[in-house]
Amino acid sequence: MINYILSKSNILINYVGFTIVWFSCVYSGAQGNPIIAIIPTFIFLLLHFSIVTDHLKQEIQLIIISIILGLVVDSTFSLLGFVQYNGTLDFAPNLAPLWIICMWAGFTAQINHVMKFLIGKYTLICFYGLLAPLAYIAGEGIGAAIVEDTYLSYGFISIAWSISLLSLFKISENLMSK
């Protein structure tokens, strides 16, 4: 019974922690202050890593892979003119800002926990990825970014996120099987 309660509380901590990270990151983008994203993300990941007792090394590897993937994906959105992010570096305006990278790290910390029910359900994972424009619309509403309001932008974001999410789940499965 105690193990059941602890496992459910870990999922709740993971969910609430990422929710705080998401809002902090978007607010960071709106304010153009990366510290607003870095501190909550760092605290969340430290808490996450202290709770994850098995597969810690693999969990860290997954998050590092996700950070690289997120940098490529969101920088591509910016380069193609689909999204303009606030809080970018002056010398690299098309590089995904730090708050986006923090968001990818926090989001990926959910894959083997809150989103555990999706493991092996590839169609559902892809569908979940198709809903990504909703997060971009919410971020735009808070003032963190501007999304080019076209079907092409939202279609590209949806497809890129479906592929990215499916890739992260497959990578996670591979890492966790070691």
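None of these values were measured; they are calculated from a predicted model.

1. A short note on the overall build of the chain
For step 1, the next point in the chain: Scanning the chain from N- to C-terminus turns up 7 helices and 2 strands.
For step 2, the next point in the chain: Reading the chain from its N terminus to its C terminus gives the helix and strand order α-α-α-β-α-α-α-β-α.
For step 3, the next point in the chain: What you see for the chain is a C-alpha radius of gyration of 16 Å, in line with the 16 Å of a compact globule of 178 residues.
For step 4, the next point in the chain: Per-residue burial over the chain gives 41% buried out of 178 residues.

2. What to know about helix H6 (residues 132–142)
For step 1, the next point in the chain: For H6, the set of buried residues is Ala132, Pro133, Tyr136 and Gly139. Seen along its axis, H6 keeps its buried residues to an arc of 115 degrees; they face one direction. In H6, the exposed residues that point more than 90 degrees away from the buried face are Leu134 and Gly141.
For step 2, the next point in the chain: Immediately beyond the C-terminal end of H6, within one or two residues, lies Gly143, with a positive phi of roughly 100 degrees.

3. Observations regarding helix H2 (residues 35–51)
For step 1, the next point in the chain: With 17 residues, H2 extends 24 Å from end C-alpha to end C-alpha; this agrees with the ideal 24 Å at 1.5 Å per step.
For step 2, the next point in the chain: If you check which residues of H2 are buried, you get Ala37, Thr41, Phe44, Leu45 and His48. Mapping the buried residues of H2 onto a view down its axis gives an arc of 100 degrees, with all of them on the same face. In H2, the exposed positions angled more than 90 degrees off the buried face are occupied by Phe42, Ile43 and Ser50.

4. Details of the confidence of the model for the chain
For step 1, the next point in the chain: Across the chain, the average pLDDT comes to 92, with 96% of residues at 70 or higher.
For step 2, the next point in the chain: Here residues 1–6 is a poorly scored stretch, pLDDT under 50, and it has 0 contacts once near neighbours within four places are set aside; other chains count.

5. A look at the packing of helix H3 (residues 56–79) against helix H4 (residues 98–108)
For step 1, the next point in the chain: Packing of H3 against H4 leaves a shortest axis separation of 8 Å and a crossing angle of 140 degrees. Taken together, the axes of H3 and H4 lie oblique to each other. For H3 against H4, the interelement crossing comes out right-handed. Each of Glu59, Leu62, Ile63, Ser66, Ile67, Leu69, Gly70, Leu71, Val73 and Asp74 in H3 lies in contact with H4, whose residues at this interface are Ile100, Ile101, Trp104, Ala105 and Thr108.
For step 2, the next point in the chain: Residues of the contact of H3 with H4, tallied by class, amount to 10 nonpolar, 3 polar and 2 charged.

6. Details of the packing of aromatic side chains
Here a ring pair, both rings aromatic, is described through the centre-centre distance and the interplanar angle of the planes.
For step 1, the next point in the chain: Following the criterion strictly, the structure yields 8 aromatic pairs and no others.
For step 2, the next point in the chain: Judged by centre distance (6.0 Å) and plane angle (70 degrees), the ring pair of Phe18 and Phe107 falls under edge-to-face. Taken together, the residues span a long stretch of sequence, with Phe18 in helix H1 (residues 2–31) and Phe107 in helix H4 at a distance of 89 residues. Residue Phe18 shares its accessibility class with Phe107, and that shared class is buried.
For step 3, the next point in the chain: Centroid distance Phe82 to Phe156: 4.9 Å. Interplanar angle 45 degrees. Geometry classified as tilted. Linking Phe82 in the loop between H3 and strand E1 (83–85) with Phe156 in helix H7 (residues 151–176), this pair joins segments that are 74 residues apart in sequence.
For step 4, the next point in the chain: Given a relative accessible area of 32%, Phe156 falls into the partly exposed group.
For step 5, the next point in the chain: Three or more aromatic residues joined by ring pairs form one cluster here, namely Phe18, Trp104, Phe107 and Trp161.

The rules we used
The numbers attached to residues start from 1 for each chain and follow its sequence in the written order. Per-residue local features of the predicted model are confined to residues with pLDDT of at least 70, and side-chain atom pairs are confined, for both listing and counting, to 80 or more; whole-chain, interface and lining totals are unaffected and use all residues. Water and hydrogen atoms play no part in the side-chain values, which are based on all heavy atoms of the structure. Where helices and strands are cited, they refer to DSSP runs of H or I of at least four residues and of E of at least two residues respectively, numbered from the N terminus. We take the radius of gyration over the C-alpha atoms and set the globule estimate at 2.2 Å times the residue count to the 0.38 power. Using a 1.4 Å probe on the protein chains alone, a residue whose accessible area is under 20% of its type maximum counts as buried, one over 50% counts as exposed, and one in between counts as partly exposed. Think of it as the arc spanned by the lines of direction from the helix axis to the C-beta atoms. Here the expected span of a helix is defined as 1.5 Å times the quantity of residues minus one. Values of pLDDT, ranging from 0 to 100, describe the predictor's confidence in every residue of the model. Whether two residues are in contact is decided by their heavy atoms: any pair within 4.5 Å suffices. The convention used is that axes are lines fitted to C-alpha atoms, helices contributing only their stretch in contact, and that angles between N-to-C directions extend from 0 to 180 degrees. Orientation is classified from the angle alone, with under 35 degrees giving roughly parallel, over 145 giving roughly antiparallel, 65 to 115 giving roughly perpendicular, and any other angle giving oblique. Here a crossing is called left-handed whenever its near helix is offset anticlockwise from the far helix by less than a right angle, and right-handed whenever the offset is clockwise. Only Asp, Glu, Lys and Arg are considered charged in this grouping, and only Ala, Val, Leu, Ile, Met, Phe, Trp, Tyr, Cys and Pro are considered nonpolar; every other residue, Gly among them, is considered polar. Working definition: rings of Phe, Tyr and Trp (its six-membered ring) pair if their centres are within 6.5 Å, and the pair is stacked with planes under 30 degrees apart, edge-to-face with planes over 60 apart, and tilted otherwise.

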